[in-house]
2 protein chains.
Amino acid sequence: MGKLSVTGIGPGGYEDMTVRAVRTLEACDIIAGYTVYVELVRPFFPGKTFLTTPMRQEEERCRMAFLEAENGASVALVCSGDAGVYGMAGLILKMQEAYPHVEVEIIPGVTAALSGAALLGAPLIHDFAVISLSDLLTPWEDIARRLENAAEADFGICLYNPSSRKRKDYLKKACDLVLGYQPEDTVCGLVRNIGREGEAVHICTLKELRDTEADMFTTVFIGNSRTREKNGRMITPRGYRNERKER
Amino acid sequence: MGKLSVTGIGPGGYEDMTVRAVRTLEACDIIAGYTVYVELVRPFFPGKTFLTTPMRQEEERCRMAFLEAENGASVALVCSGDAGVYGMAGLILKMQEAYPHVEVEIIPGVTAALSGAALLGAPLIHDFAVISLSDLLTPWEDIARRLENAAEADFGICLYNPSSRKRKDYLKKACDLVLGYQPEDTVCGLVRNIGREGEAVHICTLKELRDTEADMFTTVFIGNSRTREKNGRMITPRGYRNERKER
């Protein structure tokens, strides 16, 4: 019986993987996944067999991994960040009944909301919402409703997929919706290429974020009404009551 | 100059820590934190100096860690799950300017939303909101508003701190608010003692969740309108458009 381990690898560096992910990738026969993610881990696991599919061929990628596992291999299907959050875990579990002899396990990883937050400081200390701006599988109306509800309830907001070639103005549209509920000087942050070459962080206001061009390797953070910038760090307090004076 | 590393250790097992967290705890002089979390890592790092404070003494805990670092030690302040999400990163960064000679770094970790989701299957594949039901630092009215907004916008919802001795009925109150927007048969999940002794998962409906007693070691997941149970797993689809037939 083969085994399929849907494995969140974190943002990309070896140190950002969990010990479980490292051991799984060391022990497996085949590392499968989207080309870009497989290339991130390839240097750390020389001598493995690698199987890749291009972007958007998610079902084909899952089927390929299942077929190898059905033939008795242990396969690690790698996902950037977490295995679940906008990852492959759901599709794999949905497809699983067609491959009854394959054991499936899900290995969580540090998603960009967490790794990006650590680089910015502490933007997600309190309640937060994670929203993808990609409308490939979700109508924009649903995305817009979530942005408005999250802003209205004063959640910290983390945006995945803030832009792409075909949706250059989505971040601007998202900011306009949030600006209906939150002031222009709301503290925001952008993190680019987390854990990879070209890593960069930037803190700005919501008004400035509206006119910022993000790319698909950027994760965006919109603070709640209590979030502040302090010494170049984005910090959200632990609650809504006044914290006692620390010192 | 001392160093203070706010370190997310994940749910508690060695394998759930990132390589960076392991290396940090191996290299530091002192491991500090809330007693329960320090006890989780103590067996993996024998021979270290350990400093603990009881629950709710967060500011005292941070001050203690800073003072050791100011004296030149490298200190790892451990947080369960992530360093940021309901963790100590914010308070540390807020207090940092009183200790200008201490270098601070934030090391992210796998928060319970991710580790719990992996055990349940794939509940958080799409947009989701993380909400704590603890009203120690946040008025219940703010928590209630977030629950309603998250439910109205059809977010997957992950609840932290669903109960405690003093707030036995908070999970019930939260479910009642969500039931104003989502049907009784909404798929929900509970995960108890993630990565620790006594780990247990349970899938139920929102109506059943309303009458479930959770404790403070439980993380609760409320699916969105598309979440389904399949073969004992909680699965949320990747989007709101119909996915193509897989096979």
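Residues numbered from 1 in each chain as written. Chains lettered and ligands numbered in written order. Predicted model: local features only at pLDDT ≥ 70, side-chain atom pairs only at ≥ 80, totals over all residues. Heavy atoms only, no water.

### With respect to the side chain of Asp142 of chain A
Residues and elements named next belong to chain A. Structurally, the position occupied by Asp142 is in helix α6 (residues 140-152). On the accessibility criterion, Asp142 (15% relative accessible area) is buried. In terms of polar contacts, Asp142 uses its side chain to reach the side chain of Arg145, at 3.3 Å. (Helix = DSSP H or I, 4+ residues; strand = E, 2+ residues; numbered from the N terminus. Buried < 20%, exposed > 50% of the residue type's maximum accessible area, 1.4 Å probe, protein only. Polar contact = N/O pair within 3.5 Å; in protein donor to acceptor, adjacent residues only side chain to side chain.)

### What about the sheet that holds strand β13 (residues 233-235) of chain B?
Residue and element names in this part refer to chain B. Overall, mixed pairing links the 3 strands, which are arranged β6-β13-β12 in an open sheet. Only two strands of the sheet have a single partner each, and these edge strands are β6 (121-122) and β12 (228-230). Relative to β13, β12 runs antiparallel, the two sharing 3 bridges. Paired with Arg228 across the two strands is Ile235, which belongs to β13. (Pairing = 2+ DSSP bridges.)

### Some details on the interface of chain A and chain B
For interface size, the figure often reported is the accessible area lost on association. Taken residue by residue, the interface counts 74 residues in chain A and 74 residues in chain B. Of the roughly 7,200 Å² buried between chain A and chain B on both sides combined, carbon and sulfur atoms contribute 52%. Our enumeration of links across chain A and chain B arrives at 14 salt bridges. Taking the shortest distance from any N to any O, the salt bridge between Arg238 of chain B and Glu58 of chain A comes out at 3.5 Å. Connecting chain A to chain B are 36 residue pairs in polar contact (both at pLDDT 80 or more). Across the side of chain A that touches chain B, the residue classes tally to 33 nonpolar, 15 polar and 26 charged. (Contact = heavy atoms within 4.5 Å. Buried area = accessible area lost by both parts, 1.4 Å probe. Salt bridge = Lys/Arg side-chain N within 4 Å of Asp/Glu carboxyl O. Nonpolar A, V, L, I, M, F, W, Y, C, P; charged D, E, K, R; others polar.)

### Some words on the packing of aromatic side chains
Applying the stated rule across the entire model yields 12 aromatic pairs over all chains. Ring centres of Tyr86 of chain A and Tyr160 of chain A lie 5.1 Å apart, and the angle between their planes is 50°; on these two criteria the pair is classed as tilted. Remark: Tyr160 of chain A occurs in strand β8 (residues 156-160) and Tyr86 of chain A occurs in the loop between β4 (74-79) and α4 (89-95); sequence separation between them is 74 residues. Seen from the ring of Tyr170 of chain A, Lys173 of chain A lies directly overhead, with NZ or CZ sitting 4.6 Å from the centre. Here the guanidinium or amino end of Arg146 of chain B rests over the ring plane of Phe155 of chain A, the centre of that ring lying 5.6 Å away. (Phe/Tyr/Trp six-rings, centres within 6.5 Å; stacked < 30°, edge-to-face > 60°. Lys NZ or Arg CZ within 6 Å of the ring centre and 35° of its normal.)

### Quick notes on the packing of α6 of chain A against helix α7 (residues 170-179) of chain A
Residue and element names in this part refer to chain A. Contact geometry for α6 and α7: axes closest at 8 Å, N-to-C directions at 40°. With respect to each other, α6 and α7 are oriented oblique. Seen from above, α6 lies across α7 with right-handed handedness. Along its contact with α6, which presents Trp140, Ala144, Leu147, Glu148 and Ala151, the element α7 presents Tyr170, Lys173, Ala174, Leu177 and Val178. (Axes fitted to C-alpha atoms, helices over the stretch in contact; angles between N-to-C directions. Parallel < 35°, antiparallel > 145°, perpendicular 65-115°, else oblique. Left-handed = near helix turned anticlockwise from the far one by under 90°.)

From the geometry alone we can't say anything about function, so treat these as descriptive.
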